Protein chains: 2
Amino acid sequence: MKYEKSFYQIKSNAQIFEKIVEEKETIGYYNLPYQDTTEIKEFAKTVKQKDIVVVGIGGSSLGTYAIHQFLLERENSKKLHFLESTDPVDLHWRLKKIDLDHALFIIISKSGSTVETISILKYLHSITTIDNTNTVCVTENDSKLNAFAKANDMKTFEIAKNVGGRFSVFSPVGLLPLAIMGLDIDKILEGCKKVSESFFDKSEYYDTIMEKARFIVENKNRFNINVVFSYSSLLDGFNKWYVQLWGESLGKVNINGTKQGLTPIGIIGPVDQHSFLQLVMEGKRDKTITFIKIDDFKDDMTIPDITIPHLEELDYLNNIKFKDLINMQADSTIEAIKNLKDIPYDIITIKQQNEYNIGKLMFTYELLTSIVGSFVQINTYDQPGVEAGKIILKNKLSIKK
Amino acid sequence: MKYEKSFYQIKSNAQIFEKIVEEKETIGYYNLPYQDTTEIKEFAKTVKQKDIVVVGIGGSSLGTYAIHQFLLERENSKKLHFLESTDPVDLHWRLKKIDLDHALFIIISKSGSTVETISILKYLHSITTIDNTNTVCVTENDSKLNAFAKANDMKTFEIAKNVGGRFSVFSPVGLLPLAIMGLDIDKILEGCKKVSESFFDKSEYYDTIMEKARFIVENKNRFNINVVFSYSSLLDGFNKWYVQLWGESLGKVNINGTKQGLTPIGIIGPVDQHSFLQLVMEGKRDKTITFIKIDDFKDDMTIPDITIPHLEELDYLNNIKFKDLINMQADSTIEAIKNLKDIPYDIITIKQQNEYNIGKLMFTYELLTSIVGSFVQINTYDQPGVEAGKIILKNKLSIKK
């Protein structure tokens, strides 16, 4: 008797765990928490420039943006800039804010030939001097960009071949600009390690992450939209990073030729209570919601004990700290959703804004993405779907010549 | 014989048109293009302050933000600020950028008792003087906020009861701050009128809007995600405004008790080619895509004719204007999607960035939202789903006292 099949079942947690352990040998991001950061820190100390300019798009900027926004956008003697879009009006405006004579340019491109990044690099050449005193490159060791950097005696940092762009925030791609901006990058990696170790030891985080992944996969046809509802404006960058990580990793054709698609959405509380929440509450039940809360914001700003004539009915707000108000808003939304009983949700509470905690959060999401990808039997780490457009563009540009 | 039924068919275009014509009598936003803007313009002329601060959330700020970002964030002697979130770190940071002694505060709340807005208003009282020389209110005529304003002899502008928050951008909610910032608000309304007239005359825009709405409704169970893919960073605010308009208007229980839910997503090109595009290309076919392009950006920034040693293979970028590059990127993505043959898309091309065109675009989306809402037989203009959380919050806050 012979038996063949074209369908597949969802594997057991044990099988998936084994697969992830195997992946760890070949997929680079798993090992980033254990890298030696000396070279990055040494270089960061030498940087005198005040305007730090990341030239990079997608995975080359989103993670850095997320951590920077979460931790220190607000107070710094240095200023971090991002040049990524080819929108000329946007680009012009961003360039205006940079003191070109006192800027450090960090050119980041894994392949070394990203159209947006090289276009901007070329443009920079026409408005300032680009040399080894003001430019450093982060790229693969055998890329054309690396050759350019070496020929100009520029400092370079490597993106390992087996670290994908959207999984590269804990490589020099993110650590270099963040170290220059004054963050303790070792603390970030400690957060990653904490999650990694406890997952691979099957202790603290193993069950949580595995169960969440399994729920998402088992219910992917019913709940095909995964909303992250972050109750802090500081997590807007994290949301965008999550959208890339989730969408680009999991939006794939699986081994059976079936188009998979868990759609990521990032929203911000309380602002989006006035926007997306109505759809969550009364719309189709096709969404899971993950709330992210910050337990203790580093800010004691308080609503004063003031009675405004005619607005007395809002005096119940008096003496409330904003950090308590926003968390009560989160809790109220959570309770309202809980009462509906048919929307799956979970809550991640971050104790405080610091390097360790953002490392934990982001590494958890990377792991979760890998595990979901493994469950649905896709290649989590490639992005073949975006190639077609790139080829068409190249043809259009070549014909124009 | 008696016949009863609990199901419904999608009505004919003619029936829907009739319903929209009827709605026009009671729903306020339809008539905003025809309002008298003299009072707004007169007041705007008198404003001497350099820092203009909109205090408002959701519908009270999103539309203003969208138009401002599209047209003039980049060059202005005045600066527009938004205070909306209760996130204390974010709020602190935004306040730091405002010169409180030379600021005009525009307090915007339809109900007059929005928790976020009044919390911030109270806080402002504790750090500066709030009086009729530096504060103006935009609210319903019988709100507590209006009573407060009148008692303090402050200038007020009315939000008509029948104009919903997310449909209020063309009321004083949006027009007042935009006029103060120097925009030609009559040109904005001209754009609205153009769309409105041609729709109600059943000329130019009637078929386009009606067909699009009908397609979305007929296929809503298959394509339940409506992506707006805007090829300009200047449209990020528009995307956010669209998400609120679409999500909050259409995420509703319909007359048969069925939860409706068309999920809006806004993405930006070319940045999100490096993020969400993979999911569009290879993910589940549950998305419609609307591309928005700007035909002629007001910027001739050009990639210089420079050969960078080792990066010669990218010389095909030389002499290309960024505004042409971004549109070629859009066209390449569109072509790649067209080649797939199973993703419904449409393309809106805006000729130039100006008041008239953004008025047209936004009014078109308002109309489209109304028509889709009418087809699916919901109340497009309420938001009952967000009330539960508000009540829970009020209880929590009252107990805390």
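Residues numbered from 1 in each chain as written. Chains lettered and ligands numbered in written order. Predicted model: local features only at pLDDT ≥ 70, side-chain atom pairs only at ≥ 80, totals over all residues. Heavy atoms only, no water.

- An unreviewed UniProt entry lists chain A under the name Glucose-6-phosphate isomerase, with Malaciobacter pacificus as the source organism.
- The record held by UniProt for chain A lists under Catalytic activity (unreviewed entry) the comment "alpha-D-glucose 6-phosphate = beta-D-fructose 6-phosphate". (UniProt positions renumbered as here; feature names shortened; annotations may be inferred.)

1. A look at the overall build of chain A
Okay, so step 1: Of the regular secondary structure elements, chain A holds 14 helices and nine strands.
Okay, so step 2: Radius of gyration (C-alpha) of chain A: 23 Å, near the 21 Å computed for a compact globule of 401 residues.
Okay, so step 3: Relative to its 401 residues, chain A shows a buried fraction of 62%.
Okay, so step 4: When the accessible area of chain A is evaluated, it comes to approximately 15,100 Å², of which 49% is carbon and sulfur surface.
Okay, so step 5: In chain A, 49 side chains carry a positive charge and 53 a negative one; their mean positions are 6 Å apart. (Helix = DSSP H or I, 4+ residues; strand = E, 2+ residues; numbered from the N terminus. Rg over C-alpha atoms; globule rule 2.2 N^0.38 Å. Buried < 20%, exposed > 50% of the residue type's maximum accessible area, 1.4 Å probe, protein only. Areas by Shrake-Rupley, 256 points an atom, 1.4 Å probe, with all protein chains shown as cover. Lys, Arg positive; Asp, Glu negative; His and termini not counted. Charge placed at Lys NZ, Arg CZ, Asp CG, Glu CD.)

2. So, the sheet that holds strand E9 (residues 345-352) of chain B
Residue and element names in this part refer to chain B.
Okay, so step 1: With parallel pairing, the four strands of this open sheet are ordered in space as E7-E6-E8-E9. Of all the strands in the sheet, the pair left with one neighbour each is strand E7 (263-268) and E9. Within the sheet, the average angular offset between the axes of one strand and its neighbour, ignoring direction, is 20 degrees.
Okay, so step 2: Here strand E6 (residues 225-230) runs beside E7; their pairing, made up of six bridges, is parallel. By the bridge assignment for E7, Phe 229 is matched with Ile 267.
Okay, so step 3: Contacts from helix H10 (residues 236-250) reach E6, E7 and strand E8 (287-296), with the element oriented near 175 degrees to E7. (Pairing = 2+ DSSP bridges. Axes fitted to C-alpha atoms, helices over the stretch in contact; angles between N-to-C directions. Contact = heavy atoms within 4.5 Å.)

3. Concerning the relation of the copies chain B and chain A
Okay, so step 1: Rotating chain B by 180 degrees about the axis while translating it 0.0 Å along that axis superimposes it on chain A, leaving an RMSD of 0.0 Å. Given the turn and translation reported, the copies of this chain are related as if by a two-fold rotation axis. No C-alpha of chain B lies nearer the rotation axis than that of Ile265(B), which sits 3.8 Å from it. (Least-squares fit on C-alpha atoms with pLDDT ≥ 70 in both.)

4. Let's talk about the domain arrangement of chain A
Residues and elements named next belong to chain A.
Okay, so step 1: Structurally, chain A comprises domain 1 (29-183) and domain 2 (187-375).
Okay, so step 2: Relative placement of domain 1 and domain 2: their C-alpha centres are 28 Å apart.
Okay, so step 3: The interface is formed by 25 residues belonging to domain 1 together with 33 residues belonging to domain 2.
Okay, so step 4: For the pair domain 1 and domain 2, the two sides together bury roughly 2,600 Å², of which 69% comes from carbon and sulfur.
Okay, so step 5: Area buried by domain 1 at its contact with domain 2 is led by Phe 70, Arg 166 and Phe 170, which between them contribute 32% of it.
Okay, so step 6: Taken together, domain 1 and domain 2 are joined by one salt bridge.
Okay, so step 7: Ionic pairing is found between Glu 248 and Arg 166, a salt bridge with its closest N-O pair at 3.1 Å.
Okay, so step 8: On the surface where domain 1 and domain 2 come into contact, there are 10 residue pairs in polar contact (both at pLDDT 80 or more).
Okay, so step 9: Of all the secondary structure elements, the ones that give two or more residues to the side of domain 1 that touches domain 2 are helix H3 (62-71) and helix H7 (172-180).
Okay, so step 10: Examining the composition of the side of domain 1 that touches domain 2, we find that eight residues originate from one element, H3, more than from any other. (Domains from an automatic or database assignment. Buried area = accessible area lost by both parts, 1.4 Å probe. Salt bridge = Lys/Arg side-chain N within 4 Å of Asp/Glu carboxyl O. Polar contact = N/O pair within 3.5 Å; in protein donor to acceptor, adjacent residues only side chain to side chain.)

5. Re the interface of chain B and chain A
By a widely used convention, the size of an interface equals the accessible area lost when the partners come together.
Okay, so step 1: Between chain B and chain A, the residue contacts involve 120 residues of the former and 120 residues of the latter.
Okay, so step 2: The largest per-residue losses of area from chain B upon contact with chain A belong to Lys122(B), His274(B) and Tyr316(B), which jointly make up 7% of the total buried on that side.
Okay, so step 3: Between the two partners, chain B and chain A, sit six salt bridges.
Okay, so step 4: The partner of Glu313(B) in a salt bridge is Lys144(A), with the nearest N and O atoms 2.8 Å apart.
Okay, so step 5: Between the two partners, chain B and chain A, sit 37 residue pairs in polar contact (both at pLDDT 80 or more).
Okay, so step 6: Only helix H4 (88-96), helix H5 (115-127), helix H6 (144-151), H10, E7, helix H11 (277-282), helix H12 (322-340) and helix H14 (387-400) of chain B provide two or more residues apiece to the side of chain B that touches chain A.
Okay, so step 7: Considering each element in turn, the side of chain B that touches chain A owes the most residues, 12 residues, to H12(B).
Okay, so step 8: Classifying every residue of the side of chain B that touches chain A gives 51 nonpolar, 39 polar and 30 charged. (Nonpolar A, V, L, I, M, F, W, Y, C, P; charged D, E, K, R; others polar.)

6. Remarks on the packing of H3(A) against helix H13 (residues 355-375) of chain A
Residue and element names in this part refer to chain A.
Okay, so step 1: Packing of H3 against H13 brings their axes to within 10 Å, and their N-to-C directions diverge by 140 degrees. Taken together, the axis directions place H3 and H13 in an arrangement best described as oblique. H3 and H13 meet at a crossing whose hand is right-handed. Each of Gly 63, Ala 66, Ile 67, Phe 70 and Leu 71 in H3 lies in contact with H13, whose residues at this interface are Glu 355, Ile 358 and Met 362. (Parallel < 35°, antiparallel > 145°, perpendicular 65-115°, else oblique. Left-handed = near helix turned anticlockwise from the far one by under 90°.)

7. What about the UniProt feature "active site" (unreviewed entry) in chain A?
Okay, so step 1: Here the UniProt feature "active site" (unreviewed entry) sits at Glu248(A), His274(A) and Lys390(A). Taken along the chain, the residues just named run across 143 residues; in space they spread out, the farthest C-alpha pair reaching 37.7 Å.
Okay, so step 2: Locating Glu248(A) in the fold gives a position in helix H10 (residues 236-250).
Okay, so step 3: Residue classification places Glu248(A) among the buried residues on the basis of a relative accessible area of 6%.
Okay, so step 4: Apart from the residues lying within four places of it in its own chain, the contact partners of Glu248(A) are Arg166(A), Val243(A), Asp382(A), Gln383(A), Gln273(B), His274(B), Ser275(B) and Gln278(B).
Okay, so step 5: Separated by 3.1 Å, the side chains of Glu248(A) and Arg166(A) make a polar contact.

8. Regarding the pattern of salt bridges
Okay, so step 1: Overall, the coordinates contain 50 salt bridges over all chains when judged by the stated rule.
Okay, so step 2: Across the pair Asp315(B) and Lys122(A) runs a salt bridge, and its minimum N-O distance is 2.9 Å. Taken as a pair, Asp315(B) in the loop between E8 and H12 and Lys122(A) in helix H5 (residues 115-127) lie in two separate chains rather than in one.
Okay, so step 3: The class for Lys122(A) is buried, based on a relative accessible area of 0%.
Okay, so step 4: In this structure, Lys323(B) engages Asp300(B) in a salt bridge whose closest nitrogen and oxygen atoms are separated by 2.8 Å. Of this pair, Lys323(B) sits in helix H12 while Asp300(B) sits in the loop between E8 and H12, placing them 23 residues apart in sequence.
Okay, so step 5: Lys323(B) gets classed as buried once you look at its relative accessible area, which sits at 13%.

9. Observations regarding the packing of aromatic side chains
Okay, so step 1: Taken as a whole, this structure holds 48 aromatic pairs over all chains when the rule is applied.
Okay, so step 2: Here Tyr231(A) and Phe291(A) contribute two aromatic rings whose centre-to-centre distance is 6.5 Å and whose plane-to-plane angle is 35 degrees, an arrangement assigned as tilted. Placement of the pair is Tyr231(A) in the loop between strand E6 (225-230) and H10 and Phe291(A) in strand E8 (residues 287-296), with a sequence separation of 60 residues. No difference in accessibility class separates Tyr231(A) from Phe291(A), as the two residues are buried.
Okay, so step 3: Among the aromatic residues, those joined into a cluster by ring pairs are Phe17(A), Tyr29(A), Tyr30(A), Phe167(A), Phe170(A), Phe199(A), Phe200(A), Tyr206(A), Phe363(A) and Tyr381(A).
Okay, so step 4: One cation-aromatic arrangement involves Lys24(B) over Phe200(B); the distance from NZ or CZ to the ring centre is 4.5 Å. (Phe/Tyr/Trp six-rings, centres within 6.5 Å; stacked < 30°, edge-to-face > 60°. Lys NZ or Arg CZ within 6 Å of the ring centre and 35° of its normal.)

10. Quick word on H5(B)
Okay, so step 1: In a regular helix each residue adds 1.5 Å, so 13 residues correspond to 18 Å; H5(B) covers 19 Å between its end C-alpha atoms and thus fits that length.
Okay, so step 2: Within the sequence span of H5(B), burial applies to Val115(B), Glu116(B), Thr117(B), Ile118(B), Ser119(B), Ile120(B), Leu121(B), Lys122(B), Tyr123(B) and Leu124(B). (Expected span 1.5 Å × (residues − 1).)

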